[in-house]
Amino acid sequence: MTHTSTASLPPLDDIVSRIKHYSPRTLAGNWRRAAVLVCLLDKDAPSLLFTQRHSGLSSHAGQVAFPGGKQDQREELKQCALREAWEETGLGAENVTVIGRLSDVVSLHGIAVTPFVGVATGTYRLTPNPGEVANIFDIPLQFLAQDPREATDVMRFSNQHSLFIPRYRYQDYTLWGLSAMITAEFMRVGLGMDISLLNAPSFAPTRELPSVRASRYPSDYWM
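Attention here is on the structure that accompanies the text. Keep in mind it's a predicted model, so treat the numbers as computed, not measured. (Residues numbered from 1 in each chain as written. Predicted model: local features only at pLDDT ≥ 70, side-chain atom pairs only at ≥ 80, totals over all residues. Heavy atoms only, no water.)

### What about the overall build of the protein?
For clarity, the threshold we go by: Numbering of helices and strands starts at the N terminus; helices are DSSP runs of H or I of at least 4 residues and strands are runs of E of at least 2. Restricting the calculation to C-alpha atoms gives the radius of gyration, and the globule rule supplies 2.2 Å times the number of residues raised to the power 0.38. Using a 1.4 Å probe on the protein chains alone, a residue whose accessible area is under 20% of its type maximum counts as buried, one over 50% counts as exposed, and one in between counts as partly exposed. Note on contacts: a residue pair is in contact if any heavy atoms of the two residues lie within 4.5 Å.
Helix and strand content of the protein: four helices and 12 strands. For the protein, the C-alpha radius of gyration of 17 Å lies close to 17 Å, the compact-globule estimate for 223 residues. Burial statistics for the protein: of 223 residues in total, 51% are counted as buried. Restricting the contact set of the protein to residue pairs at least 6 apart, pairs at least 24 apart contribute 71%.

Below, the structure written as structure tokens:
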């Protein structure tokens, strides 16, 4: 089912301000940690930067993701996000202005992932790391502002409420799972959209995700 909308895109300065003043949810305690960079590209049509992971990787092969990875010892999470973005895409830290954070999310492997939001600045060249990244691409914010999801994935837990995660198809790429959860929060906070992980909109079909397990989130985390 196709959802059409006349949603207008806020000016980039407004998006940046909203992210700067946002107070994200955080997961305290002793977690394995990772970080990703949600990078805004300030183009004629502002967009978000994504990668498609190489098909030969041992985990998440071929999936769409934000640049990022596991935290190394003695580095801060923000440094981790910037380092991984440079290693995967060639986008150097000197070309990224970090403006804020989004809420921590938990991967299927039980890793707490912290998304940092940045704006790419200056002159840079994006080059995929051939050992990790098959493609680098970006999705226009105007596309996301329509909430053009092809489906809503339902993640059911045995111990608390379900999560309803949008699934988007852009060109030859499918944005789903953890990256779609992060994108949905960016859409809600940065673009001011009425989008939630706690319910499924009526305009798109739902799809049941196969795994049913206990949630690692605090019971009121997404409330």
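Still to come is the rest of the account.
### Things to note about a negative patch on the surface
Formally: Like-charged residues within 9 Å of one another, or nonpolar side chains (Val, Leu, Ile, Met, Phe, Trp, Tyr) within 5 Å, are grouped into patches, provided each residue has over 30% relative accessible area and no salt bridge. For every accessible area listed, the method is Shrake-Rupley and the probe measures 1.4 Å; residues are considered covered only by the protein chains on display. Just to be clear on terms, a salt bridge is a Lys or Arg side-chain nitrogen sitting within 4 Å of an Asp or Glu carboxyl oxygen. Counted as positive: Lys and Arg. Counted as negative: Asp and Glu, with His and the chain ends omitted from the count. Charge positions come from single atoms, namely NZ of Lys, CZ of Arg, CG of Asp or CD of Glu.
A cluster of like negative charges, contributed by Asp13, Asp14, Asp42 and Asp44, occupies part of the molecular surface. Summarising the element assignment, aspartate 13 is placed in helix H1 (residues 12-20).

### Considering the pattern of salt bridges
In the structure shown here, the tally under the stated rule is 13 salt bridges. As a salt-bridge pair, aspartate 104 and arginine 33 come within 3.8 Å of each other at their nearest N and O atoms. Here the residue aspartate 104 occupies a position in the loop between strand S5 (96-101) and strand S6 (105-106), and arginine 33 occupies one in strand S1 (residues 32-41), the gap between them amounting to 71 residues. Accessibility expressed as a relative area gives 2% for aspartate 104, which makes it buried. Each of Asp72, Glu75, Arg83, Glu84 and Glu87 takes part in salt bridges that share partners, so that together they form one network.

### Re the pairing of S1
Rules: Whether two strands pair comes down to DSSP finding at least two bridges between them.
Judged by how many residues are buried, S1 sits mostly within the fold: nine of 10 residues are covered. Bridge count for S1 against strand S2 (residues 47-53) is two bridges, and the pairing is antiparallel. When the sheet's bridge partners are listed, leucine 40 is paired in S2 with leucine 48. Where S1 folds back onto S2 in an antiparallel hairpin, the turn is made up of five residues.

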